[in-house]
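# Report on the structure
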Amino acid sequence: MTLPPFLRRWETLLLAMLVLIAGANMAATPFYLGVGNIVNLFQLEIEKIIVALMMTLIIINGEIDLSVASVMGLAACVAAYLFHAGWPMPVALLAALASGALAGAINGFWTAYVGLPSLAVTLAGLIGYRGIARILVEDRAYGGFPDWFNALGQQPQFGPLTVSIVIFVVMFAIMAVVLHRSILGRLVYVMGNNLQAARYSGVRVKRVKLLLFIASGAIAALAGLLYAARLGSVRGDMAVGFELDIITIVLLGGVSIFGGSGNLLGVGLSILVILNLRNGMGLADITGNTQTSVIGALLILSVLLPNMAQAVHTKWKGRET
Amino acid sequence: MKKLLLASAAAALIGVLAPHAAMAQATVKPGSAVDMVLLPKFLGIAVFDQAHNGAEEAAKELKNSKKLQYLGPTPENSVAGQIEIVTNAATQGVGAIMISNNSGDQIVPAAKAAHAKGIKVVTWDSPIPSAEGEDVFVAQVDFAETGKVMADMALSILGAEGGSFAVLSASPDAANQNAWIAAMQTALKEPKYAKLKLAGIVYGNDQSETSYNQALALVDKYKDLKLIMAPTTVGIVSAAKAMQDENLCGKIKVSGLGLPSEMLAYTKNGCAPQFALWSFVDLGYLSYYTAYALATGAIKAEAGQSFKAGRMGTYTITKDPTRKEGLRILMGPFSKYDINNVEAAAK
């Protein structure tokens with residue numbers, strides 16, 4: 001799998017950024033390198049980065065899923081609602097995962113089979129699924145889950161690592177294989193590059209898209225449940241606004257918003273860059289708007305730089321011929 | 001045998017007396033170096049900045065050589081942001097965190113983790129509902145008192161002949177406001193308020209535009225309306241502006257809970273002759289004293305512990321009657337504002 005050279009350079013740039021940030025963090029605070037802090041660094045954003053992995057595939061495929069954060073909230077609320085209605089927790093969790101997959105299937109149906117733009121479909125999902133979540137729990141907070149469930153999100157289970165972190169690592173490996181080593185992965189790129197061409201060459205584009213959206217919904221639901229376990233209680237406004245952070249991570253990773261290009265290595269580096277930056281700023285007592293602006297500036301640069309590089313490149317080429 | 005009994009009786013007596021000895025007012029010694037974090041619901045809200053000023057005042061008095069960190073999330077990231085800040089404070093091993101909790105019980109795992117590391121967790125303005133992971137809650141005012149203060153202001157504005165008034169609240173599910181309105185309705189049952197008639201309650205969701213429109217809708221709906229009571233700082237300003245814009249201030253007055261700096265103009269032009277609020281400066285000041293006293297070991301987080309909080313006087317930790325679990329320090333009282341004192345308070 002060879003990549004265009006400027007993308008290869010993008011990953012190098014991310015790596016350089018990461019080294020720089022890690023160096024600054026080490027210099028700024030003695031707490032940075034503690035095992036506990038490194039675990040916290042991942043834990044505090046773990047649900048977002050799990051969803052970001054699947055979002056990478058969706059965006060490379062030329063689509064977008066704005067409904068992920070609402071599906072996270074929906075799944076958490078479904079589980080809490082059913083558990084408090086007397087269902088055993090494991091069954092409630094399965095039902096919650098199913099609700100996420102169903103939400104994804106609805107997104108996929110309208111996008112792939114009806115042909116509406118996923119931007120519009122999943123925007124409707126963002127509003128609709130959140131609405132259902134809020135109807136289910138109203139303005140209450142549901143807590144009192146079994147200890148084993150809370151422990152999933154709060155306590156280290158594998159050495160110092162939590163279940164969520166292990167799930168993330170395993171999922172990263174699976175996604176890497178699917179995207180970069182499987183036929184499905186190749187279809188994701190081909191469709192993202194040129195949907196018409198893919199269709200004419202006999203790719204069952206509808207089925208692939210539907211599958212991707214179902215996976216996106218199910219993974220968002222899983223992330224929502226992990227979030228509920230980490231917080232120990234569920235509210236209707238859980239994960240509101242997370243979709244933007246998730247898409248930010250993917251775009252900073254060098255994935256083109258127009259589809260067809262990008263890779264999981266870039267997204268992995270982007271995750272490390274953002275998490276380390278947040279953590280360093282947090283430990284240096286920089287929070288709130290300052291933190292948001294720094295990350296915002298980073299994103300603006302990440303969108304501008306490659307485009308500028310390409311524009312300059314094209315112009316240069318034009319002059320030569 | 002008798003001696004033994006006597007001895008054990010004496011021991012029991014000492015056992016009973018000892019806590020009383022500890023209950024004597026503790027002295028908060030200035031000069032300790034304690035890292036402390038003041039965490040509002042989110043940044044950019046006037047009342048939280050006032051609490052910050054109060055906390056800084058206390059920090060100066062207590063000669064804490066460590067700078068107070070005033071850290072908060074952005075409004076759209078309040079829950080995750082608060083959890084992140086508490087978690088990072090635990091990593092840094094600060095001495096105390098003061099939280100105006102906006103995360104319900106979702107803050108509990110983070111607060112518990114901080115608490116387990118020996119960090120004192122004081123909540124102010126808004127507590128942790130289950131009280132888990134929390135040492136003590138510094139409460140601004142008693143809910144019942146809020147209701148009575150509103151009923152009194154309505155009586156004082158409407159006078160002996162009374163009349164019809166309506167409530168413009170925040171959101172339908174706002175726990176604070178609902179408790180205050182319920183307390184006011186209870187207070188209204190007393191005979192001296194017999195001529196006050198509560199016509200209805202509407203909700204402006206603490207958004208200026210919605211509140212403004214709801215205030216005007218009230219005017220249309222209740223023709224004999226004489227007063228709008230808004231137990232929210234956003235609602236009261238919007239209602240006063242609406243009445244001013246429509247030249248209705250001669251007929252309909254506005255009252256409730258408001259910030260002097262935001263209400264100054266409306267009190268001066270007679271639209272909102274009287275309103276009330278607790279001092280957020282004092283709330284920040286008292287929270288800092290409480291957290292500092294806990295972190296330096298001057299007091300323990302136990303009912304009956306008592307200490308002197310600088311200029312504000314002596315406070316005692318009690319069980320919190322408004323929650324199943326938890327301890328509280330009740331600040332109180334309300335400050336009522338009218339034309340005589342609003343200007344000084346607005347500065």
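Residues numbered from 1 in each chain as written. Chains lettered and ligands numbered in written order. Predicted model: local features only at pLDDT ≥ 70, side-chain atom pairs only at ≥ 80, totals over all residues.

### A few points about the sheet that holds strand 9 (residues 253–256) of chain B
Residues and elements named next belong to chain B.
- Here four strands make up an open sheet; going across it, the order is 7-6-8-9 and the pairing parallel. Of all the strands in the sheet, just strand 7 (196–203) and strand 9 have a single pairing partner and so form its edges. Direction aside, neighbouring strands of the sheet carry axes that sit 25° apart on average.
- Direction of pairing for strand 6 (residues 163–169) relative to strand 7: parallel, over a ladder of seven bridges. The partner of V167 across the bridge, within strand 7, is I201.
- Docked against the sheet, helix 7 (residues 208–221) engages strand 6, strand 7 and strand 8 (225–230), running at close to 160° with respect to strand 6. (Pairing = 2+ DSSP bridges. Helix = DSSP H or I, 4+ residues; strand = E, 2+ residues; numbered from the N terminus. Axes fitted to C-alpha atoms, helices over the stretch in contact; angles between N-to-C directions. Contact = placed C-beta atoms within 7 Å.)

### Notes on the confidence of the model for chain B
All names here are of chain B.
- With 92% of its residues at a pLDDT of at least 70, chain B reaches an overall mean of 89.
- Contacts from residues 11–22, a stretch scored under 50 in pLDDT, to residues over four places away or in other chains number one contact.
- For this predicted complex, the interface confidence score (ipTM) comes to 0.84, while the overall pTM stands at 0.82. (pLDDT = per-residue confidence, 0-100.)

### Quick look at the domain arrangement of chain B
All names here are of chain B.
- Taken domain by domain, chain B holds domain 1 (36–141 + 280–332) and domain 2 (143–277).
- Put simply, the middle of domain 1 and the middle of domain 2, counted by C-alpha atoms, are 30 Å apart.
- With five residues of domain 1 in contact, the opposing surface of domain 2 contributes five residues.
- Here the residues of the side of domain 1 that touches domain 2 sort into three nonpolar, two polar and no charged. (Domains from an automatic or database assignment. Nonpolar A, V, L, I, M, F, W, Y, C, P; charged D, E, K, R; others polar.)

### As for the interface of chain A and chain B
- At the junction of the two partners, chain A supplies 23 residues and chain B supplies 21 residues.
- Mapped by element, the contributors of at least two residues to the side of chain A that touches chain B are helix 2 (35–43), helix 11 (205–231), helix 13 (264–283) and helix 14 (288–320) of chain A.
- Residue composition of the side of chain A that touches chain B, by class: five nonpolar, 14 polar and four charged.

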